[in-house]
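# Fold and contact review
The lines below spell out each chain.
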Amino acid sequence: MDGVTLVDHPLVQHKLSLMRDKNTSTGSFRRLLREISLLLCYEVTRDLELTTKSIETPMQRMDAPVLKGKKLAFASILRAGNGLLEGMLDLVPSARVAHVGLYRDHDTLEAVEYYYKAPHDLSNRVVIAVDPMLATANSATAAIEKLQASGAKDIRFLCLLAAPEGIANFQKILPDVPIFTAAIDERLNENGYIVPGLGDAGDRMYGTK
Ligand code: PRP
Ligand code: URA
């Protein structure tokens with residue numbers, strides 16, 4: 001599918017299946033999401049440019065590869081985005097962080113904003129927006145449009161599960177923003193939930209249901 005990278009690494013798929021299981025505890029769900037985020041971060045940053053830096057090893061001088069150019073910012077779509085954010089910050093501790101607080105109105109499925117705070121220099125950064133679930137895509141597109149209004153230009157979106165309807169809606173609104181996901185599920189149900197899915201990601205992370 002154009003513009004969508006499916007991260008089908010066996011470790012990701014195995015951990016995702018454990019997360020889908022309704023008998024998985026809140027603690028295990030959180031731990032698995034953090035572990036998967038490390039593997040997904042690896043894929044979403046795969047094309048970052050490298051340059052070299054002259055260093056001295058204990059043996060001799062060498063030109064060693066280091067990241068070049070634009071720095072990173074992660075944008076967490078609250079609440080569930082924080083589950084991906086934490087692992088990604090383990091890998092890139094220097095990344096700046098934006099928080100976009102949104103919840104889905106249960107009747108209209110529209111995204112309702114309640115918080116927004118972002119670094120001032122988003123225009124100079126590769127921005128990776130994270131949220132485990134892409135269902136209707138109303139939340140992801142609202143968050144990314146907000147980041148764009150703050151100056152972000154080079155944006156990619158990382159999730160765990162996507163619905164085909166959500167991908168279509170996302171690409172209609174944001175055709176130039178690449179999507180990275182660990183799975184594309186069957187469909188949305190009549191309540192806008194992904195099936196087979198994993199349920200409500202925020203509730204499962206925080207034990208709020
Ligand atoms: C969930 C999820 C996404 C959104 C996806 O958040 O984390 O943000 O729904 O659905 P959409 O693609 O149809 O917009 P929710 O609104 O449940 O808030 P929460 O993370 O605070 O639980
Ligand atoms: N939000 C979730 O957390 N899960 C879904 O299946 C859809 C939206």
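Summary of the structure given here. (Residues numbered from 1 in each chain as written. Chains lettered and ligands numbered in written order. Predicted model: local features only at pLDDT ≥ 70, side-chain atom pairs only at ≥ 80, totals over all residues. Heavy atoms only, no water.)

## Observations concerning the pattern of salt bridges
Across all of its chains, the model carries 13 salt bridges by this definition. As a salt-bridge pair, arginine 20 and aspartate 185 come within 2.8 Å of each other at their nearest N and O atoms. Taken together, the residues arginine 20 in helix H1 (residues 10–20) and aspartate 185 in the loop between strand E12 (183–184) and strand E13 (187–188) connect sequence positions 165 residues apart. In this structure, arginine 61 and glutamate 56 form a salt bridge, with 3.0 Å as the shortest nitrogen-oxygen distance. A residue is classified by how much of its surface remains accessible, and glutamate 56, at 59% relative accessible area, is exposed. Sharing partners across several salt bridges, the network here consists of Lys15, Arg31 and Glu35. (Salt bridge = Lys/Arg side-chain N within 4 Å of Asp/Glu carboxyl O. Helix = DSSP H or I, 4+ residues; strand = E, 2+ residues; numbered from the N terminus. Buried < 20%, exposed > 50% of the residue type's maximum accessible area, 1.4 Å probe, protein only.)

## Side note on the side chain of arginine 204
Tracing the chain through its elements places arginine 204 in helix H6 (residues 201–206). One buried charged side chain, arginine 204, makes no salt bridge at all; its nearest oppositely charged neighbour is aspartate 21, positioned 6.2 Å away. Within the structure, arginine 204 has its side chain in polar contact with the backbone oxygen of methionine 19 (distance 2.7 Å). (Lys, Arg positive; Asp, Glu negative; His and termini not counted. Polar contact = N/O pair within 3.5 Å; in protein donor to acceptor, adjacent residues only side chain to side chain.)

It is worth stressing that arrangement in space is one thing and function is another; only the former is reported here.
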